[in-house]
Amino acid sequence: MTTTRFAPSPTGYIHVGNLRTALMNYLIARKSGGTFILRIDDTDPERSKEEYVDAIKQDLEWLGLHWDRVERQSLRLDRYAEAADKLRGMGRFYECFETPTELDLKRKKQLNMGKPPVYDRAMLNLSAEEKDKLRAERGDGHWRFLLDQERIEWTDGILGDLSIDAASVSDPVLIRGDGQVLYTLASVVDDTEMGVTNVVRGSDHVTNTATQIQMIEALGGTVPAFAHHSLLTGPQGEALSKRLGTLALRDLREAGVEPMALISLMARLGSSDPVEIRANLDEVAEGFDITKFGSAPTKFDVDDLYPLTARILHETPLSDVAADLKAAGVPDELADKFWAVVRENITTRKDIAGWWELFANGADPVIDDEDKEFVAQAMTMLPDGPYDSDTWGNWTAAVKEATGRKGRGLFMPLRKALTGQSHGPDMKDVMPLLQVVKAKG
Ligand code: GLU
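Now for a description of the structure that goes with this document.

### A short note on the packing of aromatic side chains
Link 1 in the chain: In total, this model carries nine aromatic pairs according to the counting rule given.
Link 2 in the chain: A centroid spacing of 5.7 Å and a plane angle of 80° characterise the contact between phenylalanine 338 and tryptophan 356, whose relative ring orientation is edge-to-face. Taken as a pair, phenylalanine 338 in helix α13 (residues 332-342) and tryptophan 356 in helix α14 (residues 351-361) lie far apart in primary sequence, 18 residues in all. Neither phenylalanine 338 nor tryptophan 356 differs from the other in exposure class; each is buried.

In structure tokens, the structure reads:
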């Protein structure tokens, strides 16, 4: 049975980069009728905030990425302590007492000598007395996992065959001096105990994966299938890391992006398949194939979300926007006609209110100097509302007859006088919605 998880740390709002991870894990589970776990990685009590846990849930719900259950690392600390004991008992866990400054100095020295900054295991073979002495002087140490210095190999679902030399990686710190369990250990324990079969995450985790494979094996777990997706860049290939803060899912929602626009884009971006709008997540899951994703950085342009959003809205039935129309003040009896006209002319739902405002209160007329007389004459011929779908045809025919104008010279000044714009929906369809014509005075 396939089990996947999305494991955000609740230290901020989730953004488009996180969404890619969440979506891929979600789709793998759904495609195979498996389980999708939302795992809150909250072992850092200082940086983890309950408001972010709530926000992450809201964002996933908005997108329809429903989870089968929630797990919280902060409620599983006893499990991690047990695993730590097990590693200690196996001689794979050792206490170190260097200060951050000392470690930093070591790294700088190694780099100066052209060596990779790998921890030198200086504390590995301390005697019990030496440890006691250091502990007395410096307090509790931090704990490192002792890597087997061999090559760690796996076939990555996206990157293919990978081989990492454990000797080129520092023994990872799993427990800090203050007792805080770090993600690397917690994640391994959770993945093993929760029967996680597939892990998709960003390629910034590749080295973690190498060390975690050794930890999983040491703890007697089954190594899941790993896949590491490339990181997102901006449209010009520039790093997105600094801008991700402005690409939070809630900001996109606020800006009016439709969830299926975001999902349709993210499910295909960076893969060999074209982006296609999908009606729902089941359809997305059906066509999802992680092997089609490439290892190259994936270019993401937030502006691509708006044409997709507009296309989705063009197809959206009235029932799905009824609440938005109500909120904008569109009367029930006009809702049908209003939506049929307006949905072709909006980019996001946020544009709905503006259109109703225009119809309900009329637009400030735009009248070019050379059209002043013409428009004034035409307005005397426009009957009082309410209008219907014949109004425009009848009126313009009469105006044409009276003024001799035709074509664009006839229609455009009238459109601009009535709507204040030189483009928009068919005027024949606009008239029945128009409650007020300001140009009529
Ligand atoms: N909490 C980790 C992160 O947000 C999870 C990584 C993983 O998927 O294992 O980076």
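Don't stop here, the text continues.
### Side note on the side chain of aspartate 59
Link 1 in the chain: With respect to the helices and strands, aspartate 59 occurs in helix α2 (residues 50-63).
Link 2 in the chain: The exposure class of aspartate 59 is buried, given its relative accessible area of 0%.
Link 3 in the chain: With residues near it in sequence (within four places) discarded, aspartate 59 still touches Ile14, Leu249, Arg250 and Arg253.

### Things to note about the site of the ligand
Link 1 in the chain: The environment of the ligand is formed by Arg5, Ala7, Ser9, Asp41, Tyr183, Ser187, Arg201 and His205.
Link 2 in the chain: At a separation of 2.7 Å, an oxygen atom of the ligand approaches a polar side-chain atom of arginine 5.
Link 3 in the chain: Among the residues forming the shell around the ligand, the class breakdown is two nonpolar, three polar and three charged.

### Here we look at helix α15 (residues 372-381)
Link 1 in the chain: Along α15, the positions that sit buried rather than exposed are Phe374, Val375, Ala378 and Met379. Seen along its axis, α15 keeps its buried residues to an arc of 130°; they face one direction. Away from its buried face by more than 90 degrees, α15 exposes Lys372, Glu373 and Thr380.
Link 2 in the chain: If you follow the buried residues of α15, they end up packed against α16 (391-403) and α17 (407-419).

### Concerning the sheet that holds strand β1 (residues 3-6)
Link 1 in the chain: Across the sheet, which stays open at both edges, the three strands sit in the order β1-β2-β3 with parallel pairing between neighbours. Of all the strands in the sheet, just β1 and β3 (69-72) have a single pairing partner and so form its edges. Averaged over all adjacent pairs, the angle separating strand axes in this sheet is 30°, with direction ignored.
Link 2 in the chain: Of the pairings in the sheet, the one linking strand β2 (residues 35-40) to β3 comprises four bridges and is parallel in character. Residue pairing in the sheet places leucine 38 in a bridge with valine 70 of β3.
Link 3 in the chain: Contacts between helix α1 (residues 16-31) and the sheet are confined to β1 and β2, with β1 contributing the most and set at about 160° to the helix.

What counts, and at which threshold
Residues numbered from 1 in each chain as written. Predicted model: local features only at pLDDT ≥ 70, side-chain atom pairs only at ≥ 80, totals over all residues. Heavy atoms only, no water. Phe/Tyr/Trp six-rings, centres within 6.5 Å; stacked < 30°, edge-to-face > 60°. Helix = DSSP H or I, 4+ residues; strand = E, 2+ residues; numbered from the N terminus. Buried < 20%, exposed > 50% of the residue type's maximum accessible area, 1.4 Å probe, protein only. Contact = heavy atoms within 4.5 Å. Near = heavy atom within 4 Å. Polar contact = N/O pair within 3.5 Å; in protein donor to acceptor, adjacent residues only side chain to side chain. Nonpolar A, V, L, I, M, F, W, Y, C, P; charged D, E, K, R; others polar. Arc of directions from axis to C-beta. Pairing = 2+ DSSP bridges. Axes fitted to C-alpha atoms, helices over the stretch in contact; angles between N-to-C directions.

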